[in-house]
Amino acid sequence: MPKLPKAELNKHRNHLLALLQRLGMKIEHMEDSVLRGDSETSADEVDEFGSDSYHQEFQVGLIENEDEIRQQVTEALQRVADGSFGSCDACDDPIPARRLDALPYARYCVGCQEKSESGDLSED
Ligand SMILES: [Zn+2]
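The model shown is predicted, which means the values in this text are computed figures rather than measured ones.

**Quick word on the coordination of the zinc ion**
Note on the zinc ion: its protein donors are Cys-88 (SG), Cys-91 (SG), Cys-109 (SG) and Cys-112 (SG). The metal-donor distances range over 2.3 Å. Considering all four donor atoms around the zinc ion, the spread of angles at the metal, 105 to 115°, places the coordination shape in the tetrahedral class. Taken in sequence order, the residues that donate to the zinc ion follow the motif C-x2-C-x17-C-x2-C. In this structure Cys-91 comes out as partly exposed when scored by relative accessible area, which is 34%.

**Things to note about a nonpolar patch on the surface**
Among the surface-exposed residues, Tyr-54, Phe-58 and Leu-62 lie close enough to one another that they form a single nonpolar patch of about 320 Å² accessible area. Following the sequence through the fold, Leu-62 ends up in helix H2 (residues 51–82). On the basis of relative accessible area, Leu-62 is assigned to the partly exposed category, the value being 31%.

**Thoughts on unusual backbone geometry**
One non-glycine residue, Asp-92, lies in the positive phi region at around 70°. Along the chain, Asp-92 turns up in the loop between H2 and helix H3 (97–102). Asp-92 gets classed as partly exposed once you look at its relative accessible area, which sits at 48%.

**Here we look at the nonpolar core**
Here is a general trend for soluble globular proteins: nonpolar side chains tend to be buried in one another's company. Counting residues in hydrophobic clusters, the biggest one holds 15 residues, and the most contacted among them are Leu-16, Val-73, Ala-76, Phe-85, Cys-88, Tyr-105 and Cys-112. Contributing elements (two or more residues each) for this core: helix H1 (6–40) and H2. Among the elements that take part in this core, H2 stands out by supplying four residues, more than any other. Among all residues touching Tyr-105, those that are not within four sequence positions of it are Leu-16, Leu-19, Ile-69, Gln-72, Val-73, Ala-76 and Arg-79.

**Overview of the side chain of Gln-59**
Relative to the assigned elements, Gln-59 resides in helix H2. For Gln-59, a relative accessible area of 16% translates into the label buried. If sequence neighbours within four positions are ignored, Gln-59 has contacts with Met-30, Ser-33 and Val-34.

**Focus: the confidence of the model for the protein chain**
In the predicted model, the protein chain carries a mean pLDDT of 87, and 85% of its residues have values of at least 70. Mean pLDDT values for the elements of the protein chain range from 90 in H1 up to 94 in helix H4 (residues 110–118).

**Some points on the pattern of salt bridges**
Counted by the stated rule, this structure contains five salt bridges. Here Glu-8 and Lys-11 are joined by a salt bridge, their closest N and O atoms 3.5 Å apart. Residue Glu-8 and its partner Lys-11 are located together in helix H1, separated by three residues, close to a single helical turn. Given a relative accessible area of 23%, Glu-8 falls into the partly exposed group. Asp-89 serves as the salt-bridge partner of Arg-107, at 2.9 Å between the closest nitrogen and oxygen. Residue Arg-107 is found in the loop between H3 and H4, and its partner Asp-89 is found in the loop between H2 and H3; the two are separated by 18 residues along the sequence. According to the relative accessible area criterion, Arg-107 is partly exposed, its value standing at 26%. Connected through salt bridges with shared partners, the residues Glu-8, Lys-11 and Asp-101 form a single ionic network.

Reading the values: rules and limits
Residues numbered from 1 in each chain as written. Predicted model: local features only at pLDDT ≥ 70, side-chain atom pairs only at ≥ 80, totals over all residues. Heavy atoms only, no water. Donors = N, O, S within 2.8 Å, 3.2 Å for Na, K, Ca; no water. Tetrahedral: all angles 85-135°; square planar, octahedral: opposite > 155°, others 65-115°. Buried < 20%, exposed > 50% of the residue type's maximum accessible area, 1.4 Å probe, protein only. Patch = residues over 30% accessible without salt bridge, like charges linked within 9 Å, V, L, I, M, F, W, Y side chains within 5 Å. Areas by Shrake-Rupley, 256 points an atom, 1.4 Å probe, with all protein chains shown as cover. Salt bridge = Lys/Arg side-chain N within 4 Å of Asp/Glu carboxyl O. Helix = DSSP H or I, 4+ residues; strand = E, 2+ residues; numbered from the N terminus. Core = buried A, V, L, I, M, F, W, Y, C linked by side-chain atoms within 4.5 Å. Contact = heavy atoms within 4.5 Å. pLDDT = per-residue confidence, 0-100.

Here you go:
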């Protein structure tokens with residue numbers, strides 16, 4: 001299977017690096033605000049509805065989300081380095097360029113992504 005042209009690969013790599021940097025800053029900022037929240041309210045000051053801790057859990061959830069994406073971006077950069085970038089991790093089919101433009105850290109082609117989300121994908 002023909003590999004991605006070098007120019008394409010570079011484009012996606014730059015896109016991924018920019019994304020990684022942006023995510024890093026965003027996560028740092030979010031972690032900062034959670035930590036600040038921590039020092040202002042101790043656990044036993046939270047009211048019975050737990051609104052503060054709810055807010056904090058919500059924030060932590062967001063950070064985990066961003067962190068997960070950051071992980072995927074990092075893995076995509078590794079695939080750029082080892083030459084497997086641009087093919088589906090499950091069936092090895094090329095991932096369409098349009099999909100990579102929209103989601104440069106996509107691991108799967110559209111079909112396998114759907115299977116992965118419905119739990120039908122078996123990885124070995
Ligand atoms: Zn696939």
